[in-house]
Amino acid sequence: MSENHEGERIAKVMARAGLCSRREAEAMVLAGRVTVNGQKLASPATNVTDRDFIKVDGNPLPSRERTRLFRYHKPRGLLTTKKDPQGRPTLFEQLPPELPRLISIGRLDLNSEGLLLLTNDGELARRLELPSSAWVRRYRVRVHGDVDQAQLASLARGIELEGVRYGPINASLDRKKGDNCWITMGLTEGKNREIRKICAHFGWPVSRLIRIAFGPFQLGHLERGAIEEVPAKVMREQLGERPIGAQRRARQSRGGASVRGEPRRRHAS
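Description of the structure in this document.

Rules of the game
- Residues take numbers from 1 onward in each chain, read along the sequence in its written order.
- The model is predicted, so local features are restricted to residues of pLDDT at least 70 and side-chain atom pairs to those at 80 or more, both for listing and for counting; the totals for chains, interfaces and linings are taken over all residues.
- In computing side-chain properties, one takes all heavy atoms of the structure into account and sets aside hydrogens as well as water.
- Note on conventions: DSSP H or I runs of at least 4 residues are helices, E runs of at least 2 residues are strands, and numbering of each starts at the N terminus.
- When accessible area is computed with a 1.4 Å probe and restricted to protein chains, residues below 20% of their type maximum are described as buried, those above 50% as exposed, and intermediate ones as partly exposed.
- Whether two residues are in contact is decided by their heavy atoms: any pair within 4.5 Å suffices.
- Note on areas: Shrake-Rupley, 1.4 Å probe, and residue coverage restricted to the protein chains presented here.
- Think of a nonpolar core as a cluster: buried Ala, Val, Leu, Ile, Met, Phe, Trp, Tyr and Cys residues, connected wherever their side-chain atoms sit within 4.5 Å.
- For two strands to pair, DSSP has to find at least two bridges joining them.
- Two aromatic rings from Phe, Tyr or Trp, using only the six-membered ring of Trp, form a pair when their centres are within 6.5 Å; if the ring planes differ by under 30 degrees the pair is stacked, by over 60 it is edge-to-face, and anything between is tilted.
- Two thresholds decide whether a charge sits over a ring: the Lys NZ or Arg CZ must be within 6 Å of the ring centre and within 35 degrees of the ring normal.

## Comments concerning the overall build of the protein chain
Logical step 1: Secondary structure summary: the protein chain contains 7 helices and 17 strands in total.
Logical step 2: Here the protein chain holds 269 residues, and 45% of them are scored as buried.
Logical step 3: Within the protein chain, contacts between residues at least 6 apart in sequence are counted, and of these 66% link residues at least 24 apart.
Logical step 4: For the protein chain, the accessible area works out to roughly 14400 Å², and carbon and sulfur atoms hold 47% of it.

Next up, the structure:
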């Protein structure tokens, strides 16, 4: 193991291998599930290099796959988590078994539906869900009550509720039918239950919440419960640069470092 700033943090390496998110990797280390060169790792604040042999739960760290991105139409009634202590169904239990291990980019709560992006690259997931990415999440929201367009317009300045500051939201009234209204809302932060809390503040309980876009990726006509891979060319175009996995492979082809679950074979000079 590196004792200086050489290499990369173990959690970052595990995430890029598609094994888990950075947060999950840190928890695995603290739980004593990760060894490096046969020694149990005590702290996630550890750097590793291509000379280190990493195991998780006794198994070599998986080989890094190419970065892949998927659009998934999440139905209502599924949790965005790997496993629920209460035994409620999760979306990952519904995915086809032939897919690689996937990580969600952001979340949708139990009663929300629509577009969810999934990837096998934990570092890509982390990068795209950060507010600094400035990607707009767009939602169609059905609420009960008399919606005031002036109140919707005021959200462009942001709003503070119970000590929590929510950033600017672009909101417009689409149509009204009986006692229900459909609103389109676009935001970049996506804090926990943000839309539901803001609508409740105005006295508009939410009866349906559908994410229709995440950045440049659209829900479109993807059927409920369906998953579709984003072509590599489209992913490169929409991300504005080569995905993390492609950057990594390019470095490897030039002889750069490649932290793997198996030690690199070295030729005798």
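Moving on from the coordinates now.
## Some details on the nonpolar core
Logical step 1: Leu118, Val141, Val143, Leu155, Ile183 and Met185 are the most contacted members of the largest nonpolar core, which has 32 residues in total.
Logical step 2: For this core, the element with the highest residue contribution is strand S14 (residues 180-187), accounting for 4 residues.
Logical step 3: Excluding anything up to four places from it in sequence, Leu118 contacts Arg68, Leu69, Phe70, Tyr72, Leu91, Phe92, Leu95, Leu102, Ile103, Ser104 and Ile227.
Logical step 4: Of all hydrophobic cores here, the second largest spans 19 residues; its members include Leu69, Leu117, Phe217 and Met235.

## As for the pairing of strand S15 (residues 206-214)
Logical step 1: By the criterion of burial, S15 is predominantly enclosed, with 7 of the 9 residues buried.
Logical step 2: Where strand S10 (residues 137-144) lies against S15, 7 bridges are found, and the strand directions are antiparallel. Following the sheet pairing, Val143 is matched in S15 by Val206.
Logical step 3: Here S15 runs beside strand S16 (residues 217-218); their pairing, made up of 2 bridges, is antiparallel.

## Notes on the environment of Val29
Logical step 1: Position of Val29 among the secondary structure elements: in helix H2 (residues 22-30).
Logical step 2: Judged by its relative accessible area of 1%, Val29 is buried.
Logical step 3: Distance in space between the C-alpha atoms of Val29 and Val56 is 8.8 Å, their sequence separation being 27 residues.

## Side note on unusual backbone geometry
Trans peptide bonds make up most of the peptide bonds, and negative phi angles are found at most residues other than glycine.
Logical step 1: Although it is not a glycine, Asp57 adopts a positive phi angle of roughly 55°.
Logical step 2: Looking at the secondary structure, you find Asp57 in the loop between strand S5 (54-56) and strand S6 (59-60).
Logical step 3: Even without glycine at this site, Glu162 takes up a positive phi of about 50°.
Logical step 4: Tracing the backbone through its elements, the reader meets Glu162 in the loop between strand S11 (159-161) and strand S12 (164-166).

## Some remarks on the sheet that holds strand S2 (residues 34-36)
Logical step 1: Read from one edge to the other, the open sheet built from 4 strands follows the order S3-S2-S5-S6, with strand pairing classed as antiparallel. Strands at the two margins of the open sheet, each flanked by one partner only, are strand S3 (39-40) and S6.

## Observations regarding the pairing of S14
Logical step 1: Across the 8 residues of S14, 7 count as buried, placing the element largely inside the fold.
Logical step 2: Of the pairings in the sheet, the one linking strand S13 (residues 170-177) to S14 comprises 7 bridges and is antiparallel in character. When the bridges of S14 are listed, Ser172 appears paired with Thr184.
Logical step 3: Connecting S13 to the antiparallel partner S14 that follows it, the hairpin turn spans 2 residues, and Gly178 within it adopts a positive phi of roughly 65°.

## A word on the packing of aromatic side chains
Logical step 1: For the structure shown, the criterion picks out 3 aromatic pairs.
Logical step 2: Here Phe202 and Trp204 contribute two aromatic rings whose centre-to-centre distance is 4.9 Å and whose plane-to-plane angle is 35°, an arrangement assigned as tilted. No difference in accessibility class separates Phe202 from Trp204, as the two residues are buried.
Logical step 3: Among the aromatic residues, ring-to-ring pairing joins Trp135, Phe214 and Phe217 into one connected group.
Logical step 4: Note that Lys82 overlies the ring of Phe92, its terminal NZ or CZ placed 3.8 Å from the centroid.
Logical step 5: Lys191 extends its terminal NZ or CZ atom over the ring of Tyr166, reaching a point 5.5 Å from the ring centre.

That is the geometry; function is a separate question.
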